[in-house]
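# Coordinate inspection notes
Listed below are the residues making up each chain.
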Amino acid sequence: MSEYDYDLFTIGAGSGGVRASRMAASYGARVAVAEEYRVGGTCVIRGCVPKKLFVYASHVHEEIEDAAGFGWTVEGAKFDWKTLIANKDKEIDRLNGIYIGNLEGSAVEIIEDRAVIKDKHTIHLVNQNRDVTAKTILIATGATPNIHEVPGHELAITSNEAFHLDELPKRVVVAGGGYIAVEFAGIFNGLGSETTLVYRGEEILRGFDNDLRRHLHMEMEKKGVTIRTQVVFEKIEKTDDGLAVTLNDGTVIETDAVMFAIGRVPNTKGLGLENAGVKMSANGTIEVDAYSRTNVDNIYAVGDVTNRANLTPVAIREGAAFAETVFANNPVAVDHSCIPTAVFSTPEIGTVGISEEVARERFDRVDVYKSTFRPMKHTLSGRDERTMMKLVVDPASDRVLGVHMIGPASGEIVQAVGIAVQMGATKAQFDATIAVHPTAAEELVTMKTPEPQPTAAAAE
C-alpha cells in the first residue's frame, strides 16, 4: 500500500491541469484534481472560448452592411444581448461537461473544493475540512485579472464579469492595451457600444511588432473606437447617469461601464505555497525550471501561474511535458522561443517568431518584406479596411525569423505558417511554394522585394 493517497494531486482544472492529470493517469498514476469553480479553467469558462463567441457576434453587423455590395438586402436585423448570453452559457455548459467526462473517462478523481497546501505532501480541502496526501503536487491555478486600485475601482468590471452583464452598456471605457483590452474594445464597439480604450503606454499591444500595433490602432479608430494613449485613470465616480472616469490629464469620460483589462497576475494567493517553501517572485509568480519543477523537488507548476508564456496552448504543452517527465520517465522541456499566437481584435492579428524590432537588436542586418492591400471581399463591399502581411528575414541565413499579419483569418493562417517558422524555413523556401489564388495568404509567398534598409538616423 502506498504511503500517499495519490501519486499526483493537481490544484486547478484548467487546460494545463486537465492535460497533465489525464496523461499522468494514462501512465498508471493515481490522480486527483481539485477545482473550486468549474472544470475547464479560464480559457473555456470565462476566457478564450466565450470571448471568441462574442467576437463572432460583434462581426455580424459588418457582415450585414457588406451584404449590400453583393446584392443582398437585409431588413429588420436587430441584436439581443440576452440571447447571446444565454446561447454562450449553453455552449460553456456543454464544454464543461466534456471536460468533466474526459477526466472521469481517464480515471481522474475530480474534487470540487478549494485546495490549500499544508506541507510538501499534504493538501487541505477547505470545504470538506479534510487532508489528503500526494507524492507529487502540480499547481495549475492560472492567473486572475489585475485591478488598478484607484478611488472607485470597485465600480469597474473585469473580463470575468463582462461575460455575464445583464445588459450591453451603451457606453464603455476599457482600460488596458493588451490582448484582452483590444479584443473587448472590438467586441463592445462591434455590438454597438460607444467604446473608449485607455492605455498608459505610447502604443497598444506592447511587445508585438510595431507595424502590427500601428495598423491595428488605425483600423480600430476607423471602426469607431476612441483610443487614448499615455494616460491613466485617476478615479471612477458614480453619477446620476452612470459613471465618470477622470484621467490624469484632467479629461472626464462619461460612461455606463468601466472594464479593467490591464493584465493578469498569477493566481497563487491563499494557496499555502509558503507552507511548503515554494519560491515565488514578488507578484506571486511560481518560479520553475525548464521541466516545470519548483525549488521543492516534488512540487511542479504549469501555465499562467508560472508567467512564462501565458497562453492556453502553452499551458497544455507544459502539462503534457510535465506528465511525460514525471510519469513516463521521458524528460521533456517545452520550447517557448517560437509560439504562434492570434489576437482576436477587429481586425484580427496572427503572429509567429520575433518582431522586426527584436530582430534588429539581435542581427547585424534584417530584411523586411511587407504588403498592405484591400482584402478581395471589400472590393465589392466597399469597406475601408486593409490587410497587412510582413516577413522578417535574416539575410545571412535566409531564415524567416518572424511572420506578422493583420486581417481576416490571420489566426487560421498563422497556425499553418507557424510550422514552417518552427522548422527554420528560409525565404527561398517560401518563394518556392506555389501560391493559392485568390487568397490573402498568397502574399506570404509572393513578396519578392525587401524594403529599403533604415538609415542610421531612422534607426536612432
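Residues numbered from 1 in each chain as written. Predicted model: local features only at pLDDT ≥ 70, side-chain atom pairs only at ≥ 80, totals over all residues. Heavy atoms only, no water.

## Points about unusual backbone geometry
Omega for the peptide link from Thr346 to Pro347 comes to 5 degrees, which places this bond in the cis form. By the secondary structure assignment, Pro347 is in the loop between strand E17 (341–343) and strand E18 (349–353). The peptide bond linking His437 to Pro438 adopts the cis configuration, its omega dihedral lying at -5 degrees. One can find Pro438 in the loop between helix H13 (427–432) and helix H14 (456–459). If you check the backbone angles, Leu205 has positive phi at about 60 degrees while not being a glycine. For Leu205, the location among the structural elements is in the loop between strand E9 (194–199) and helix H7 (210–222). Of note, the phi angle at Gln230 is positive, near 60 degrees, even though the residue is not glycine. Take Gln230: it is sitting in the loop between strand E10 (226–229) and strand E11 (233–239). (Helix = DSSP H or I, 4+ residues; strand = E, 2+ residues; numbered from the N terminus.)

## Remarks on the packing of helix H3 (residues 48–67) against helix H6 (residues 179–191)
It is the contact of H3 with H6, at a shortest axis distance of 8 Å, that shows an interaxial angle of 40 degrees. On the basis of their axis angle, the class for H3 and H6 is oblique. Regarding H3 and H6, the two cross each other, and that crossing is left-handed. Where H3 abuts H6, its residues Lys51, Phe54, Val55, Ala57, Ser58 and His61 lie against Glu183, Phe184, Gly186, Ile187, Gly190 and Leu191. A per-class count over the contact of H3 with H6 returns 6 nonpolar, 4 polar and 2 charged. (Axes fitted to C-alpha atoms, helices over the stretch in contact; angles between N-to-C directions. Parallel < 35°, antiparallel > 145°, perpendicular 65-115°, else oblique. Left-handed = near helix turned anticlockwise from the far one by under 90°. Contact = heavy atoms within 4.5 Å. Nonpolar A, V, L, I, M, F, W, Y, C, P; charged D, E, K, R; others polar.)

## Structural notes on H3
Compared with the 28 Å implied by 1.5 Å per residue over 20 residues, the 28 Å span of H3 between its first and last C-alpha is a close match. Residues of H3 that are buried include every one of Pro50, Lys51, Phe54, Val55, Ala57, Ser58, Glu62, Asp66 and Ala67, and no others. In this structure, the buried residues of H3 make contact with helix H2 (41–46), helix H4 (81–105), helix H5 (159–162), H6 and helix H11 (378–381). (Expected span 1.5 Å × (residues − 1). Buried < 20%, exposed > 50% of the residue type's maximum accessible area, 1.4 Å probe, protein only.)

## Some remarks on the sheet that holds E17
Two modes of strand pairing occur in sheets, parallel and antiparallel, and in both the strands are linked by backbone hydrogen bonds. Pairing within the open sheet is antiparallel, and its 5 strands lie in the order E17-E18-E21-E20-E19. In this open sheet, the two strands that pair with only one neighbour each are E17 and strand E19 (367–373). If you compare each strand with its neighbour and ignore which way they point, the axes differ by 15 degrees on average. Against the sheet, helix H12 (residues 410–422) contacts E17, E18, strand E20 (387–394) and strand E21 (399–406), and its axis sits at roughly 10 degrees relative to E18. (Pairing = 2+ DSSP bridges.)

## Topic: the nonpolar core
Ranked by internal contacts, the top residues of the largest apolar core, which has 38 residues, are Val174, Val182, Leu197, Ile204, Leu216, Met220 and Met259. Taken together, the elements giving at least two residues each to this core come down to H3, H4, strand E8 (171–175), H6, E9, H7, strand E14 (257–260) and E17. Looking at this core, the element that brings in the most residues is H6, giving 7 residues. Of all hydrophobic cores here, the second largest spans 26 residues; its members include Val44, Tyr99, Val108 and Val302. (Core = buried A, V, L, I, M, F, W, Y, C linked by side-chain atoms within 4.5 Å.)

## Overview of the packing of aromatic side chains
Taken as a whole and assessed by the stated rule, the structure comprises 9 aromatic pairs. Ring plane angle 65 degrees and centroid distance 5.6 Å describe the contact between Phe54 and Trp81, whose orientation is recorded as edge-to-face. Separated by 27 residues along the polypeptide, Phe54 in helix H3 and Trp81 in helix H4 bring together distant segments of the chain. Accessibility assignment for this pair places Phe54 and Trp81 in one class, buried. (Phe/Tyr/Trp six-rings, centres within 6.5 Å; stacked < 30°, edge-to-face > 60°.)

## Observations concerning the pattern of salt bridges
One pass over the structure, following the stated rule, counts 33 salt bridges. Glu356 serves as the salt-bridge partner of Lys390, at 2.7 Å between the closest nitrogen and oxygen. Placement of Lys390 in strand E20 and of Glu356 in helix H10 (residues 356–362) is noted, with a sequence separation of 34 residues between them. Accessibility assignment for this pair places Lys390 and Glu356 in one class, buried. One salt bridge connects Lys448 with Asp431, and the closest N-O pair in it is separated by 3.8 Å. Residue Lys448 is found in the loop between H13 and H14, and its partner Asp431 is found in helix H13; the two are separated by 17 residues along the sequence. A residue is classified by how much of its surface remains accessible, and Asp431, at 28% relative accessible area, is partly exposed. In the salt-bridge network here, residues are joined through shared partners; they are Glu62, Glu63, Glu65, Asp66, Lys223, Lys377, Arg383 and Glu385. (Salt bridge = Lys/Arg side-chain N within 4 Å of Asp/Glu carboxyl O.)

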